[in-house]
Amino acid sequence: MLKSFIVFGRFFLFWIVFFFLERLIFLIYFSERISYLQTTEILSTFWRALRLDISMAAYISVLPAIFYVILLFLPSVKIPKIIAKSYVIFFVALFSTIAISNLNLYREWGSKINYRAVDLAINSPKEAIASISSSPLIFLFSILFAYLMCSVYISSKFILYKIADRTKSLGIKLTISFLVLSTLFLAIRGGWQLSPINQSMAYFSNNIVLNHASVNTQWNLIQDVINNKFDNENPYKYYKKDEAKKIVSSLFKKPSQPTVKVLKSERPNIVLIVLESFSAELVGSLGGEQGVTPNIDNLAAEGILFEQVYAASGRTDKGITATISGFPSQAIRSIIKQNAKHEKLPGIAQELALNAYSTSFYYGGESEFFNIKSYILSHGYKTLVDKHSFLSKDMNSKWGTYDEKVFSKQMKDMDTVKQPFFSTILTLTNHEPFELPVKNHFPGDNLENKFRSTTFYTDSCLGAYLKEAKKKPWYKNTLFVILSDHSHRLPANLEEYHPKRYRIPLLFFGNMIKPEFRGTRISKIGNQTDLVATLLNQLSIDPIRYQWSKDLLNPGTQSFSFFNWDNGFGFATENQTISFDNVGKNIILRKNSPNAKIDNELLKNGKAYMQEVYQQYLDY
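Values in this document were obtained by computation on a predicted structure and should not be read as measured data. (Residues numbered from 1 in each chain as written. Predicted model: local features only at pLDDT ≥ 70, side-chain atom pairs only at ≥ 80, totals over all residues. Heavy atoms only, no water.)

Colleague: Would you mind going over the overall build of the protein chain with me for this structure?
Modeller: When its secondary structure is counted, the protein chain shows 21 helices and 12 strands. Radius of gyration (C-alpha) of the protein chain: 27 Å, near the 25 Å computed for a compact globule of 620 residues. On the principal axes, the C-alpha backbone points of the protein chain span a range of 95 × 55 × 45 Å. Buried positions account for 59% of the 620 residues belonging to the protein chain. Excluding contacts between residues fewer than 6 apart, the proportion of contacts in the protein chain whose partners are at least 24 apart in sequence is 77%. Working note: accessible area of the protein chain is about 25900 Å², and carbon and sulfur atoms make up 59% of it. Side-chain charges of the protein chain comprise 69 positive and 51 negative groups, with the mean position of each set lying 6 Å from the other. (Helix = DSSP H or I, 4+ residues; strand = E, 2+ residues; numbered from the N terminus. Rg over C-alpha atoms; globule rule 2.2 N^0.38 Å. Buried < 20%, exposed > 50% of the residue type's maximum accessible area, 1.4 Å probe, protein only. Contact = heavy atoms within 4.5 Å. Areas by Shrake-Rupley, 256 points an atom, 1.4 Å probe, with all protein chains shown as cover. Lys, Arg positive; Asp, Glu negative; His and termini not counted. Charge placed at Lys NZ, Arg CZ, Asp CG, Glu CD.)

Colleague: Would you take a moment to explain helix H6 (residues 115-123) for this structure?
Modeller: Since the α-helix turns once every 3.6 residues, residues separated by three or four places project in the same direction. Taken together, the buried positions of H6 are Arg116, Ala117, Asp119 and Leu120. Buried residues along H6 cover an arc of 165° about the axis, so they all sit on one side. Check the buried side of H6 and you find it contacts helix H5 (81-109), helix H7 (125-131), helix H11 (217-230) and helix H14 (316-324). (Arc of directions from axis to C-beta.)

Colleague: Explanation requested: the sheet that holds strand S11 (residues 577-581) in the structure shown.
Modeller: Across a sheet, strands are paired by hydrogen bonds formed along the backbone, either parallel or antiparallel in direction. Pairing is antiparallel in the open sheet, where 4 strands are placed in the order S9-S10-S11-S12. Single-partner strands in this sheet number two, and they are strand S9 (560-565) and strand S12 (586-590). Ignoring which end each strand starts from, the neighbouring axes of this sheet average 20° apart. Here S11 pairs with S12 via 4 bridges, running antiparallel. Across the sheet, residue Ile578 finds its bridge partner in S12, namely Arg590. Against the sheet, helix H21 (residues 596-619) touches S9, strand S10 (568-573), S11 and S12, its axis set at about 125° to S10. (Pairing = 2+ DSSP bridges. Axes fitted to C-alpha atoms, helices over the stretch in contact; angles between N-to-C directions.)

Colleague: I'm lost on the pairing of strand S7 (residues 503-509) in this one. Help?
Modeller: In the case of a regular strand, side chains alternate between the two sheet surfaces. Here S7 lies mainly inside the structure; 7 of its 7 residues are buried. Bridge analysis of strand S6 (residues 478-484) against S7 gives 4 bridges, and the strand direction is antiparallel. Counted as the bridge partner of Val481 is Phe508 from S7.

These figures capture arrangement, not role.
And the structure:
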């Protein structure tokens, strides 16, 4: 019997060593983020990770265990060792690839590889490749090769490819079978405790990088895939249903006073310009770096600048629905991917189409990316222009055509469109791999300056577009709305939970703004989702269908913002901003010094908000 456990134990131990090496690579790769921590805390990561590592090793061992048990009772049956070795090498190769891919994903997204990443790779491979083009691919492939070869070598030393104790009595064989399978069951579950094992059991530190390192990458991915494909339970249940609704309703209480009307007309042309990855950290007029967005800064002096606006989340698919439908991000899910659900969302273009507006959407890339095409055509846009509308010679960016071509085509098309029109432009150049058709404005090959250069380029395209638009007869009747789809970790390499990673520009500009409001700065804290109510109220169109949107120009609406990422959220008010980790169940960042009363109030509001958003998503 002992020999059987030695054989199986060595197989099991190999995978623990395999995960140990992966974790070591992860910590070394992101050593700059943890360099200030004590060595003992960093080393604690390996101990805290054991439960999830053991659980994942048990999952891998299930199939070999079943065959092992069967073969115990069939002494005359032999299975070639090559089959067992192939099983090990297959998973070594698969898990090594996942582990090293996770390094790049974590650098960009701040979260471990998950369902959304796999879905992107499968359904939008070209876009996925474009996203990683700015990564140190040769270096990563070198790590992958070394990790793979090292793991294969270790497996050849650890694993015994043989069946022991096949001649023992039936009772011993049954005992072995029971002990092996029951042990695996307990290992998978994480023990006898009431709650099965989950990611929070690996969390132990106030440093999010260590917590993420302690979570087994493969276990986390499998769990996330299962949750996204098969789990229809709300993972954000903090309060009773009625209590959560009451808290959220209090946040969006309808103000008694009317909004401030800043437009000359209630039926202007509207051009909504959604800028890819524009961060407030690079907008000088918002307190960011100077000289990166000179055109937006100049426009701010003549328009209405909203100073404290946050994106709903950190990706374009969520930014689109937040902007057009006023629907917040669902953290681990993306409603735009599910037609049956997103079609139930309202859309600003729908409201305007009902009020005799011509509607159009312009994007220089593949509109099928993240199901954007389906969403756009389902929400009131009559004309969709994407990469297929441009000449092949203009398809010289990995994402499609550069922003200047898209701006130019939209402007030309507006000359013949029936007014009033509502036209949306989604830019793409300011995206990894940060390619440009011109020389970089900021020298150097580092990602930070590449990002600054593509931001500068798109800002220059915007400036050139508006300069040319002023010559058009439709310009004097047009309101330009400029905002970002989301912010970015660059240039400061911000963690996923940092509020600055979500702060974005929002600007109203054009001759349609009354002279007395030009140059106005709105300090009220708001969200990307607030654009819909703010704009529709200016047009005297009731935004009643947009329950998650508040009017930033109405002095009676509350000043707050909500943003989220995978398994966490942030809530901002004038008194405090917090970031909450839903796995560790604790506040991991505060803008100001801790204040129990204020912190608890924000936490209560954020939890109720997250619960209600996700529940509404499930109910659609």
